[in-house]
Amino acid sequence: GQQLNQSPQSMFIQEGEDVSMNCTSSSIFNTWLWYKQDPGEGPVLLIALYKAGELTSNGRLTAQFGITRKDSFLNISASIPSDVGIYFCAGQRHNNDMRFGAGTRLTVKP
Amino acid sequence: DVKVTQSSRYLVKRTGEKVFLECVQDMDHENMFWYRQDPGLGLRLIYFSYDVKMKEKGDIPEGYSVSREKKERFSLILESASTNQTSMYLCASSTPGRFAYGYTFGSGTRLTVV
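Residues numbered from 1 in each chain as written. Chains lettered and ligands numbered in written order. Predicted model: local features only at pLDDT ≥ 70, side-chain atom pairs only at ≥ 80, totals over all residues. Heavy atoms only, no water.

### Description of the packing of aromatic side chains
Applying the stated criterion across every chain yields a total of 13 aromatic pairs over all chains. Ring plane angle 85 degrees and centroid distance 5.3 Å describe the contact between A:Phe100 and B:Tyr35, whose orientation is recorded as edge-to-face. Residue A:Phe100 is located in strand β10 (residues 98-100), and its partner B:Tyr35 is located in strand β5 (residues 31-38); the two belong to separate chains. Take A:Phe100: its relative accessible area is 2%, and that puts it in the buried class. With relative accessibility at 1%, the residue B:Tyr35 sits in the buried group. Judged by centre distance (6.5 Å) and plane angle (45 degrees), the ring pair of B:Tyr35 and B:Tyr103 falls under tilted. Here B:Tyr35 is found in strand β5, whereas its partner B:Tyr103 is found in the loop between β10 (87-94) and β11 (104-105), with 68 residues between them in sequence. (Phe/Tyr/Trp six-rings, centres within 6.5 Å; stacked < 30°, edge-to-face > 60°. Helix = DSSP H or I, 4+ residues; strand = E, 2+ residues; numbered from the N terminus. Buried < 20%, exposed > 50% of the residue type's maximum accessible area, 1.4 Å probe, protein only.)

In structure tokens form, the structure reads like this:
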């Protein structure tokens, strides 16, 4: 079953604000990934993290792989309206065992 | 552009019908997956396949079966559709390797069972 606790469940923010969301688990993962799902579409990979402590950026997005390998966070700086969507964390132990969080629904008010 | 294509974006079926959801990928990926997505529950794995004619149960396989006769195609079958199977269904594929490069998802099929 689902083993990842993702928070918050939803966020309503003003355009230009920074956003932070995180994911925790009772299990260790070898890889952490963050996906974004636009309305009516499938999730798309944003960032993948492969080593404990790793901090990776992709434009205005920054994600970190927790030192304990049981958590990860995603930050979005200076949000814009097209950041709207559902963000999923995912942890992977081995090649074909990927677990997803329940998602964070982000709404950005212009 | 590499793709995972799900045959239908929206489907409405009656209770008791046998339903087929089709998924095709053009990336020569070995691994394919079927998830269902429900509000507050995220993505839950139904079935997956590592190779042609191979299948493994995920976390919620009850009421579903799958077929993988060709490498590029992975079908999800609802043997007798029920209203609690109303959901968004997502197909994904990936290639095996030491590091996870993530899954490529299709756009989803929103199934309503009435």
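### Regarding the interface of chain A and chain B
Taken together, the contact between chain A and chain B spans 24 residues of the former and 24 residues of the latter. When the two sides are added together, the surface that chain A and chain B hide from each other amounts to roughly 1,800 Å², 49% of it contributed by carbon and sulfur. Counting the contacts that link chain A with chain B gives two salt bridges. A salt bridge links A:Glu41 to B:Arg9, with the nearest nitrogen and oxygen atoms 3.6 Å apart. Seen at the junction of chain A and chain B, the total is five residue pairs in polar contact (both at pLDDT 80 or more). Residue assignment for the side of chain A that touches chain B shows that the elements contributing at least two residues are β4 (31-37), β5 (44-49), β9 (85-92) and β10 of chain A. Looking at the side of chain A that touches chain B, the element that brings in the most residues is β4(A), giving four residues. Among the residues making up the side of chain A that touches chain B, the classes are represented as 11 nonpolar, 10 polar and three charged. (Contact = heavy atoms within 4.5 Å. Buried area = accessible area lost by both parts, 1.4 Å probe. Salt bridge = Lys/Arg side-chain N within 4 Å of Asp/Glu carboxyl O. Polar contact = N/O pair within 3.5 Å; in protein donor to acceptor, adjacent residues only side chain to side chain. Nonpolar A, V, L, I, M, F, W, Y, C, P; charged D, E, K, R; others polar.)

### Describing the pairing of β4(A)
Residue and element names in this part refer to chain A. Most of β4 is tucked away: seven of the seven residues are buried. Residues Thr-31, Leu-33, Tyr-35 and Gln-37 line one face of β4 and the alternating positions Trp-32, Trp-34 and Lys-36 line the opposite face, and both faces are buried. Where β4 lies against β9, seven bridges are found, and the strand directions are antiparallel. Residue Tyr-35 lies in a different strand from β9, and its bridge partner there is Phe-88. As paired strands, β4 and β5 are joined by five bridges and run antiparallel to one another. Within the sheet, the bridge partner assigned to Leu-33 lies in β5 and is Ala-48. (Pairing = 2+ DSSP bridges.)

### Let's talk about the pairing of strand β8 (residues 64-70) of chain B
Residues and elements named next belong to chain B. Bridge analysis of β8 against strand β9 (residues 73-78) gives five bridges, and the strand direction is antiparallel. Following the sheet pairing, Lys-70 is matched in β9 by Arg-73. The turn linking β8 back onto β9 is made up of two residues.

### Describing the state of the cysteines
Residue and element names in this part refer to chain B. Counted under the stated rule, the structure contains two disulfides over all chains. Paired through a disulfide, Cys-23 and Cys-91 show a sulfur-sulfur distance of 1.9 Å. Judged by the sign of its S-S torsion, about -80 degrees, the cystine formed by Cys-23 and Cys-91 is left-handed. Within this pair, whereas Cys-23 is found in strand β4 (residues 23-25), its partner Cys-91 is found in strand β10, the two being separated by 68 residues in sequence. Residue Cys-23 is classed as buried on the basis of its relative accessible area of 0%. The exposure class of Cys-91 is buried, given its relative accessible area of 0%. (Disulfide = S-S within 2.5 Å.)

### Overview of the nonpolar core
Residue and element names in this part refer to chain B. Counting 21 residues, the largest nonpolar core has Trp-34, Ile-46, Leu-76, Leu-78 and Tyr-89 as the members making the most contacts within it. Ranked by the residues each element gives to this core, the list is headed by β9, at three residues. Each residue touching Tyr-89, except ones within four places of it in the same chain, is listed here: Gln-6, Leu-21, Trp-34, Tyr-35, Arg-36, Ile-46, Tyr-64, Leu-76, Leu-78, Gly-108, Thr-109 and Leu-111. (Core = buried A, V, L, I, M, F, W, Y, C linked by side-chain atoms within 4.5 Å.)

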